Amino acid sequence: MRKSELSRREVLGLGLAAGVGLTLLPGTADASVENATKMLTDLIGSKQPQPGKIRIDMPQIAENGNAVPLTVSVESPMTAQSYVKAVHVIADGNPDAGVATFTFTPMSGKAEVATRMRLATTQKIWAVAEMSDGAVHMEKTEVKVTIGGCGG
Amino acid sequence: MSIKPRIKLPAEAKKGDVVEIKTMVQHPMESGQRKDSSGKPIPRKIINKFACTFNGKPVFETKMQPAISANPYLAFFAKVEESGTFEFTWTDDDGTVTTEKAQIKVA
């Protein structure tokens, strides 16, 4: 006889998910890899991103998630014939997956940008580069966060 | 609130050089995800767009989300072939546009 449809493992999982949601992201949408994946599809459609060409420089451990340095650079000659059109940055553990979209032109000379970003929790940062020939590249890096940067 | 941009770039360069430009503007980048002491949500107010042009031509642009830290900092590059003026604009959620200019002499 079964009283509940939920297994012990499912119940534990739910509790854990709720706990994480409450501590880190009060009153916001669920942060998840699913949101990040959806965002990626919205950006590049059905294209299959290739590895390589992108370097993400971030600390492996961030003590304060309020301002984590981020540098993204993409290998490209940056000429009118071949250049990086855009770099999208996605965070798969923030309340909103979107971070920024950087748009380059051949006048940029170099496809590299540095900024500082907020990280709610330990998560992966995705950098997606759209090239002028239509190719798409993607790299990910994980940052461990000691104190989250989304406030309460 | 006063927004004071800070720009750093070389005053001079050689033709064809790729120069680094560093920019920062004072802004809280209120994410819209925080609550005040009485539990009321604090409305979102961020700089959502930054753009840089050189002699009127687009060089670099950024669309920003609340995940960008307060006092947004951006460092990027520009290839200069002639002397001229960089123009930088920051656009706030409320429509305010802050503009700053910087000259470079190219030999």
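Every value quoted in this text rests on a predicted model; they were computed, and no experiment measured them. (Residues numbered from 1 in each chain as written. Chains lettered and ligands numbered in written order. Predicted model: local features only at pLDDT ≥ 70, side-chain atom pairs only at ≥ 80, totals over all residues.)

### Side note on the overall build of chain B
In terms of helices and strands, chain B carries 0 helices and 8 strands. Its helices and strands taken in sequence order, chain B reads β-β-β-β-β-β-β-β from the N to the C terminus. A principal-axis box enclosing the C-alpha atoms of chain B has dimensions of 60 × 20 × 20 Å. For chain B, the proportion of its 107 residues judged to be buried stands at 30%. Partitioning the contacts of chain B with sequence separation of at least 6, the portion at a separation of at least 24 is 57%. (Helix = DSSP H or I, 4+ residues; strand = E, 2+ residues; numbered from the N terminus. Buried ≥ 20, exposed ≤ 12 C-beta atoms within 10 Å, placed from the backbone. Contact = placed C-beta atoms within 7 Å.)

### Some words on the interface of chain A and chain B
Every contact between the two is made by 30 residues of chain A and, on the other side, 27 residues of chain B. Per element, the largest residue contribution to the side of chain A that touches chain B is 7 residues, and it comes from strand β5 (residues 98-104) of chain A. A per-class count over the side of chain A that touches chain B returns 12 nonpolar, 13 polar and 5 charged. Examined bridge by bridge, β5(A) and strand β5 (residues 57-64) of chain B share 5 bridges and lie antiparallel to one another. The residue bridging Thr101(A) from the neighbouring strand is Lys63(B), located in β5(B). (Nonpolar A, V, L, I, M, F, W, Y, C, P; charged D, E, K, R; others polar. Pairing = 2+ DSSP bridges.)

### Some details on unusual backbone geometry
A positive phi angle is found at Met78(A), which is not glycine, with a value near 55 degrees. Even without being a glycine, Asn71(B) presents a positive backbone phi close to 50 degrees. Topologically, Asn71(B) is positioned in the loop between β5 and β6 (73-80).

### Description of the confidence of the model for chain A
Residues of chain A with pLDDT of at least 70 account for 78%, and the chain-wide mean is 85. Note on residues 15-29 of chain A: pLDDT is under 50 here. Beyond four places in sequence and across chains, it has 13 contacts. (pLDDT = per-residue confidence, 0-100.)

### Let's talk about the nonpolar core
As a rule of thumb, soluble globular proteins bury nonpolar side chains together. All names here are of chain A. Core analysis: the largest hydrophobic core is formed by 58 residues, its most contacted members being Val87, Ile90 and Ala127. For this core, the leading source of residues is strand β4 (residues 84-91), giving 6 residues. With residues near it in sequence (within four places) discarded, Ala127 still touches Ile54, Ile56, Val72, Val87, Val89, Met138 and Glu139. (Core = buried A, V, L, I, M, F, W, Y, C linked by C-beta atoms within 7 Å.)

### Observations concerning the pairing of strand β8 (residues 136-147) of chain A
Residue and element names in this part refer to chain A. Strand direction decides the pairing type here: strand β2 (residues 61-64) and β8, joined by 3 bridges, are parallel. Note that in β8 the partner of Asn64 across the bridge is Ile147. Taken together, the 8 bridges between strand β7 (residues 123-131) and β8 define a ladder with antiparallel strand orientation. Pairing of Ala129 across the sheet is with His137, part of β8. The loop that links β7 with its antiparallel partner β8 comprises 4 residues; one of these, Gly134, has a positive phi angle of about 95 degrees.

### Brief notes about helix α2 (residues 33-44) of chain A
All names here are of chain A. Its 12 residues give α2 an end-to-end C-alpha distance of 16 Å, which sits within 8% of 16 Å, the value for a rise of 1.5 Å per residue. Here α2 has its buried residues at Asn35, Ala36, Met39 and Leu40. The buried residues of α2 occupy an angular sector of 140 degrees when the element is viewed end-on, so they sit on one face. Opposite the buried face of α2, by more than 90 degrees, sit the exposed residues Glu34, Lys38 and Thr41. (Expected span 1.5 Å × (residues − 1). Arc of directions from axis to C-beta.)

### Points about the sheet that holds β7(A)
The strand order across the open sheet built from 10 strands is β2(A)-β8(A)-β7(A)-β4(A)-β5(A)-β5(B)-β4(B)-β7(B)-β8(B)-β2(B), with neighbouring strands paired in mixed fashion. Strands with a single pairing partner mark the edges of an open sheet, and in this sheet they are β2 of chain A together with β2 (12-13) of chain B. The sheet strands contacting α2(A) are β4, β5, β7 and β8 of chain A, and the helix crosses β7(A) at an angle near 5 degrees. (Axes fitted to C-alpha atoms, helices over the stretch in contact; angles between N-to-C directions.)

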